[in-house]
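One-letter residues, chain by chain:
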Amino acid sequence: MSVADRLTSMLDTDQEGSSWEQIVRYVAVSLAALFVLVPLYWMVATSLKDPSQIGIFPPNLVPSPATMQPYFGAWETGPWGQWFLNTMLISGGATLVTLAIATPAAYALARFDFPGSNPIYLLFLGLLMIPAQILLIPLYNLLSTLGLVDTRLGLILVYSTFFLAFSIFLLHSFMTNLPESLEEAARIGGIPEWKIFFSVILPLVKSGLTATGMLIFVFTWNEFLFALTFLKSEQLYTISVGLQSFQGIHGATVYNQLFAMSTLATLPVIILFAVFSEQFIEGIAGLEMQ
């Protein structure tokens, strides 16, 4: 069953559900969609307004006239192309590094009963409860000792460390749901363990890897605290830090330009979900069914 069919079946009236339950379900879904789409629309609409239209009451819901000048003006205020590139490299690098470490770790914890496997898994669960703020000073001291402060590599390592426990937790859930008979059949056939992992396990958890990778990418794309702390040079800023610094460029915030760059900053994430939405929904749905 495809994802579209699965979602349709979830909304269709079944034998046990009443029409009132369906109405409540549709109303809840509609309210949730409005909660997400209204701020997004307002951001895009404001980015297309002339400065004279901002702050008036009652506000104009539709820009009249709409102009692209805020985008052109905002792009000239800073090295936005470099900041987009930095964010792409850091987010993509952190996602790949985290998945490369978390995937075999989750497989080992889910499939092999070695001494200390349960305490190690509980340790990773405990790490999820640690607030990010208390890690700033220890991580800064560590990166400073290694000479990685104000570098893309340093921030990639910080993100990978921070999201490792979260990724292992998610992937462990996918791994434990796989039937062990497939691996046993492969072992009987004389296939080495490493080949079982790459040829049998990874294709089966592809949707889980996609969902986990997308969550890591989005979190790191929008992350602000670590990027602000560990990046000092303007040329190495990420988009989130660039947006924060943009507010003081003109002495006062130019909201249509700020919203214009915020709109551009959301486009890569929207494109990512549009391309991989099928795999993401399959991964999240598979996680919920466990």
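The rules behind the values
Residues numbered from 1 in each chain as written. Predicted model: local features only at pLDDT ≥ 70, side-chain atom pairs only at ≥ 80, totals over all residues. Heavy atoms only, no water. UniProt positions renumbered as here; feature names shortened; annotations may be inferred. Helix = DSSP H or I, 4+ residues; strand = E, 2+ residues; numbered from the N terminus. Buried < 20%, exposed > 50% of the residue type's maximum accessible area, 1.4 Å probe, protein only. Contact = heavy atoms within 4.5 Å. Core = buried A, V, L, I, M, F, W, Y, C linked by side-chain atoms within 4.5 Å. Axes fitted to C-alpha atoms, helices over the stretch in contact; angles between N-to-C directions. Parallel < 35°, antiparallel > 145°, perpendicular 65-115°, else oblique. Left-handed = near helix turned anticlockwise from the far one by under 90°. Phe/Tyr/Trp six-rings, centres within 6.5 Å; stacked < 30°, edge-to-face > 60°.

- Identification of the protein as Carbohydrate ABC transporter permease from Haloarcula terrestris is taken from an unreviewed UniProt entry.
- What UniProt records for the protein under Subcellular location (unreviewed entry) is the sentence "Cell membrane".
- Entered under Sequence similarities (unreviewed entry) in the UniProt record, the comment concerning the protein runs "Belongs to the binding-protein-dependent transport system permease family."

Some thoughts on the UniProt feature "transmembrane region" (unreviewed entry) in the protein
Step number 1: Mapped onto this structure's residue numbering, the UniProt feature "transmembrane region" (unreviewed entry) falls at residues 23-42, 83-109, 121-143, 155-175, 196-221 and 258-276.
Step number 2: End C-alpha atoms of residues 83-109 are separated by 38 Å, and the span's content is 100% helix alongside 0% strand.
Step number 3: In this annotation, residues 196-221 is assigned 96% helix and 0% strand; the end-to-end C-alpha distance for the span is 33 Å.

A closer look at the environment of Leu 148
Step number 1: Summarising the element assignment, Leu 148 is placed in the loop between helix H6 (136-146) and helix H7 (152-176).
Step number 2: Relative accessible area serves as the criterion here: at 15%, Leu 148 is assigned to the buried category.
Step number 3: Between the alpha carbons of Leu 148 and Leu 231 there is a distance of 9.9 Å; along the sequence they are 83 residues apart.
Step number 4: Residues contacting Leu 148, with those up to four places away along its chain left out, are Leu 143, Leu 153, Gly 154 and Leu 157.

Topic: the nonpolar core
Step number 1: Within the largest apolar cluster, 39 residues are counted, with the highest numbers of intra-cluster contacts made by Leu 155, Tyr 159, Phe 226, Phe 230 and Leu 243.
Step number 2: Those residues in contact with Tyr 159 that lie beyond four places of it in its chain are Ile 90, Ala 94, Thr 98, Thr 220, Glu 223, Phe 226 and Ala 227.
Step number 3: Membership of the second largest hydrophobic core comes to 22 residues, among which are Ala 110, Ala 165, Ala 186 and Leu 209.

Some thoughts on the packing of H7 against helix H10 (residues 206-222)
Step number 1: The interhelical angle for the contact between H7 and H10, taken along N-to-C directions, is 155°, at an axis separation of 10 Å. The angle between the axes of H7 and H10 places the two elements in the roughly antiparallel class. You can see that H7 and H10 cross each other, and the crossing is right-handed. Residues Tyr 159, Phe 163, Phe 166, Ser 167, Leu 170, Leu 171 and Phe 174 of H7 pack against Gly 208, Leu 209, Thr 212, Leu 215, Ile 216, Phe 219 and Thr 220 of H10.

Observations concerning the packing of aromatic side chains
Step number 1: The full count for this structure, using the stated rule, is 16 aromatic pairs.
Step number 2: Centroid distance Tyr 140 to Phe 230: 6.0 Å. Interplanar angle 20°. Geometry classified as stacked. Of this pair, Tyr 140 sits in helix H6 while Phe 230 sits in helix H11 (residues 225-230), and the two are 90 residues apart along the sequence.
Step number 3: Residue Phe 230 is classed as buried on the basis of its relative accessible area, which comes to 1%.
Step number 4: With a centroid separation of 6.5 Å and 70° between ring planes, the pair formed by Tyr 255 and Phe 259 is classed as edge-to-face.

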